[in-house]
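Each chain is listed here by its residues.
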Amino acid sequence: MRIIFKLLLLVAIAQSNDEFIVSYKAIIKNQILFGEEYNVVKSLTISDKYTIVGRCDFIPDEIEAESNLIEILRNNKEMVLDCLHKNISAKISDNVKFIDNAINFKTKFEFKPHRILAFFDGNKVDIKFIEKLK
């Protein structure tokens, strides 16, 4: 019964492509996550001409009755980041310091803001990574 409700809810949410901008940044100091920032926002402009540079899909964890696509993308951060990692190259910078006979590491991991098209396809969320044509 719960599966049927979940499927009906997914069908009822939105069937059209919605365009979003996704970004992520994390700072790791001495192998400890010091801070992270994950953003998903609805794009103010729609890309008319674009190329698809990657795709992936995932099945969302829990879907509330009032959920919309942006909330699902925000609540399933690990799955969206896994999609980003598979399709978009990340910027990684390392900084190593030797202070008072101790080595201190600082790593910055970042996905620059990237446009995606997201939509429901059955019970899964399909994501297309796009780049605007100039």
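All of these numbers come straight from a predicted model, not from anything done at the bench.

## Remarks on the packing of aromatic side chains
Aromatic ring pairs: the centre-centre distance and the angle between the two ring planes describe each pair.
Then comes step 1: Counted according to the given criterion, the structure contains 2 aromatic pairs.
Then comes step 2: With 6.4 Å between their ring centres and 70° between their planes, Tyr-24 and Phe-109 make a pair best called edge-to-face. Here Phe-109 lies in strand 5 (residues 102-121) and Tyr-24 lies in strand 1 (residues 18-29), a separation of 85 residues in the sequence.
Then comes step 3: Note on Tyr-24: relative accessible area 9%, which makes it buried.
Then comes step 4: Taking 5.3 Å as the distance between ring centres and 85° as the angle between the ring planes, the aromatic pair formed by Phe-109 and Phe-111 counts as edge-to-face.
Then comes step 5: By relative accessible area, Phe-111 is classed as buried at 2%.
Then comes step 6: By way of ring pairs, the aromatic residues Tyr-24, Phe-109 and Phe-111 are connected into one cluster.
Then comes step 7: Looking at Lys-29, its charged tip hangs above the ring of Phe-34, at a distance of 4.0 Å from the centre.

## Details of the state of the cysteines
Then comes step 1: Scanning the model with the defined rule gives 1 disulfide in all.
Then comes step 2: What pairs with Cys-56 in a disulfide is Cys-83, and their sulfur atoms sit 1.9 Å apart. Sign of the S-S torsion, about 115° for the bond between Cys-56 and Cys-83, identifies this disulfide as right-handed. In this pair, Cys-56 sits in strand 3 (residues 50-58) while Cys-83 sits in helix 3 (residues 77-87), placing the two residues 27 residues apart along the sequence. Exposure class is identical for Cys-56 and Cys-83. Each is buried.

## Structural notes on unusual backbone geometry
Excluding glycine, residues mostly have negative phi values, and the peptide bonds linking residues are mostly trans.
Then comes step 1: Even without glycine at this site, Asp-100 takes up a positive phi of about 50°.
Then comes step 2: Position of Asp-100 relative to the elements: it lies in the loop between strand 4 (91-99) and strand 5.
Then comes step 3: The class of Asp-100 is exposed, set by a relative accessible area of 74%.
Then comes step 4: Phi is positive for Asn-101, which is not a glycine, with a value near 60°.
Then comes step 5: By the element assignment, Asn-101 lies in the loop between strand 4 and strand 5.
Then comes step 6: We classify Asn-101 as exposed; its relative accessible area is 71%.

## Some points on a positive patch on the surface
Then comes step 1: A cluster of basic residues, Lys-25, Lys-29, Lys-91, Lys-97, Lys-106, Lys-108 and Lys-112, forms a positive patch at the surface.
Then comes step 2: Among the secondary structure elements, those contributing two or more residues to the positive patch are strand 1, strand 4 and strand 5.
Then comes step 3: It is strand 5 that contributes the most residues to the positive patch, 3 residues altogether.

## Here's the deal with helix 3
Then comes step 1: All of the buried residues along helix 3 are Lys-77, Val-80, Leu-81, Cys-83 and Leu-84. Down the axis of helix 3, the buried set is contained in an arc of 155°. They therefore lie on one face. Turned more than 90 degrees off the buried face of helix 3, the exposed positions are Glu-78, His-85 and Lys-86.
Then comes step 2: Buried residues in helix 3 make contact with strand 1, strand 2 (32-42), strand 3, helix 2 (69-75), strand 5 and strand 6 (124-132).

## A word on the confidence of the model for the protein chain
It should be kept in mind that the predicted coordinates are not to be read in detail where pLDDT is low.
Then comes step 1: Confidence in the prediction for the protein chain averages 84 pLDDT; 84% of positions are at 70 or higher.
Then comes step 2: Scored below 50 in pLDDT, residues 4-15 shows 21 contacts in the model against residues more than four places distant or in partner chains.

Criteria and cut-off values
- Residues numbered from 1 in each chain as written.
- Predicted model: local features only at pLDDT ≥ 70, side-chain atom pairs only at ≥ 80, totals over all residues.
- Heavy atoms only, no water.
- Phe/Tyr/Trp six-rings, centres within 6.5 Å; stacked < 30°, edge-to-face > 60°.
- Helix = DSSP H or I, 4+ residues; strand = E, 2+ residues; numbered from the N terminus.
- Buried < 20%, exposed > 50% of the residue type's maximum accessible area, 1.4 Å probe, protein only.
- Lys NZ or Arg CZ within 6 Å of the ring centre and 35° of its normal.
- Disulfide = S-S within 2.5 Å.
- Patch = residues over 30% accessible without salt bridge, like charges linked within 9 Å, V, L, I, M, F, W, Y side chains within 5 Å.
- Areas by Shrake-Rupley, 256 points an atom, 1.4 Å probe, with all protein chains shown as cover.
- Salt bridge = Lys/Arg side-chain N within 4 Å of Asp/Glu carboxyl O.
- Lys, Arg positive; Asp, Glu negative; His and termini not counted.
- Charge placed at Lys NZ, Arg CZ, Asp CG, Glu CD.
- Arc of directions from axis to C-beta.
- Contact = heavy atoms within 4.5 Å.
- pLDDT = per-residue confidence, 0-100.

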